[in-house]
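# Reading the structure
Below, each chain spelled out in residue letters.
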Amino acid sequence: MKKNNHLKESLEERKRKKQEKNMLKIIVLSVILLGVLLIALNFRAIIAPFEGIGQKINRSGTNAGFPVKIPANAGYSIEPFDNGFMLLSETYVYTYGEDGGFNYAHQHGYSAPKIAVGDKRILVFDDNGRKFSFLGRNGQLYEKESEERIVYGAVGRNNEKVAIVFRSAIHSNILEIYDDKGDWKYRRRFTDENIMQLVFTASDNDVIVTTIGFDSWIQTATVRRLDTLSENESVKWEVPLPDNTLPFAIHVRGNNVFVLCEDSLTVIDLSVGNVIGSYVFNGVLADFAFSESDSEVACVILTGDYTSGTMNMISLNRKAELNQVIPVPTTATQVEIGDKAGNIAVLEPNAIALYSFDKTASEEPEILELNEEYSKFIYMGEQILLLGYDSVVKAKDEATESEYNQPESEND
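Heads up: these notes are all about the structure in this document.

Cut-offs and rules
Residues numbered from 1 in each chain as written. Predicted model: local features only at pLDDT ≥ 70, side-chain atom pairs only at ≥ 80, totals over all residues. Heavy atoms only, no water. Helix = DSSP H or I, 4+ residues; strand = E, 2+ residues; numbered from the N terminus. Buried < 20%, exposed > 50% of the residue type's maximum accessible area, 1.4 Å probe, protein only. Contact = heavy atoms within 4.5 Å. Areas by Shrake-Rupley, 256 points an atom, 1.4 Å probe, with all protein chains shown as cover. Lys, Arg positive; Asp, Glu negative; His and termini not counted. Salt bridge = Lys/Arg side-chain N within 4 Å of Asp/Glu carboxyl O. Polar contact = N/O pair within 3.5 Å; in protein donor to acceptor, adjacent residues only side chain to side chain. Pairing = 2+ DSSP bridges. Core = buried A, V, L, I, M, F, W, Y, C linked by side-chain atoms within 4.5 Å.

## Let's talk about the overall build of the protein
Scanning the protein from terminus to terminus reveals four helices and 33 strands. Going through the 412 residues of the protein one by one, you find that 47% of them count as buried. Sequence separation of at least 24 residues holds for 41% of the intrachain contacts in the protein that already meet a minimum separation of 6. About 22,000 Å² of surface is accessible on the protein, with carbon and sulfur atoms providing 50% of the total.

See the structure below:
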């Protein structure tokens, strides 16, 4: 009997120890699963301090430096990005550091790629297609596919949101906003209007949109500030533009909203929607640029009168008041404002003309003569980068000093 009791106690002891061991395994596995879940939920926050490490390591490599050689392609787009620049081709997005060092390439695979670029994020979408990707400093954050076709996109000022405008069979346009994880945050449907442009305000909680529609066969244009945190599609203010006006661009700086149309610039108070000022110009709009600083040069416009064979550069302040009108060559194709450089640059086929903010129309610009033609340029800080057929170069390296700007000899 004692032996049977001892055996029974031994079996119960083994059973207890086995249960304890299984319970320990369950606890350990639960802790591991909880840790994985916490990492997954906070992945963006965890890796944020490490963003850019890969590109910093790469920038110290032997491939850094200008000129930056690129595959020969006439269809590149170039934009400033993350203190450096990025290129969009028919198949790839390339990013580079400020010293010309290559960071990464992302193959988008879109048939008609378009981009919207923020300081630290890139939105690339298939124009009239159904896919879009959100890229960070080290590569793709996510890609989404929709049932509707994409017609427009924008990146938030804080690099955490994207706005996508779709064309719908039921509605003229549908506006949707996603965060940096790809989660849907906002939707607004437009029944009888089409969105032309969109820009986020500084907080990324509101967006400013321009739309066009028709009322009794008359084209109407409207500017609205939308509250994207509201569930009832709240409109904070609405400003109608003159009939038959076509908006070309929209820009927010401080408390001013700049709306550029085909023949006018209107400035609206961001807070209350009052019109601060407007300027009407003549000629055909050829190019434009907005300032990212609080300087008095808020917007510059290139307008051409092709019947008389003239082109002008128009400089306007933050109230849409005229600073100056400067004649430029009719071969000019692009204008940009160099806030850090303190000048305005105009691209001609074989030269760049630099106009100081405080120069008058009677003063001659500084001329950077170029050895070949370039299709586009950007400001990267104080530097000007030129996009060629198979390279990106610094303007100061490519330019030769013009005899036009040489000081006159005392004997002349």
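The discussion continues.
## Describing the side chain of Asp269
The topology assignment puts Asp269 in strand E20 (residues 264-269). Put simply, Asp269 is tucked away with no salt bridge, and the nearest opposite charge, on Arg225, sits 6.9 Å away. Among the polar contacts made by the side chain of Asp269, one reaches the main-chain amide nitrogen of Ser271 at a distance of 2.8 Å. Leaving out residues up to four positions away in the same chain, Asp269 has contacts with Trp237, Asn255, Asn274 and Ile276.

## Section: the pairing of E20
Here E20 lies mainly inside the structure; six of its six residues are buried. Side chains Ser264, Thr266 and Ile268 of E20 all project onto a buried face; the interleaved residues Leu265, Val267 and Asp269 project onto the opposite face, where all are buried too. With five bridges joining them, strand E19 (residues 256-261) and E20 adopt antiparallel strand pairing. For Val259, the partnering residue across the bridge sits in E20 and is Thr266. What sits between E19 and E20 in their antiparallel hairpin is a turn of two residues.

## Considering the nonpolar core
Residues Val300, Met313, Val328, Val335, Ile344 and Tyr355 are the most contacted members of the largest nonpolar core, which totals 17 residues. Every element with two or more residues in this core is listed here: strand E23 (299-305), strand E24 (310-316), strand E25 (322-328), strand E26 (334-338), strand E27 (343-348) and strand E28 (351-356). Of all the elements, E28 adds the most residues to this core, at three residues.

## Looking at the pattern of salt bridges
Overall, the coordinates contain 13 salt bridges when judged by the stated rule. Between Lys376 and Glu79 there is a salt bridge; the shortest N-O distance is 3.2 Å. Of the two residues, Lys376 sits in strand E30 (residues 376-380) while Glu79 sits in strand E2 (residues 77-81), which places them 297 residues apart along the sequence. We classify Lys376 as partly exposed; its relative accessible area is 23%. Notably, a salt bridge pairs Lys185 with Asp179, separated by 3.8 Å at the nearest N-O pair. For Lys185, a relative accessible area of 45% gives the class partly exposed. For Asp179, a relative accessible area of 11% corresponds to the buried category. What emerges from the salt-bridge pattern is a single network uniting Asp82, Lys120 and Arg137.

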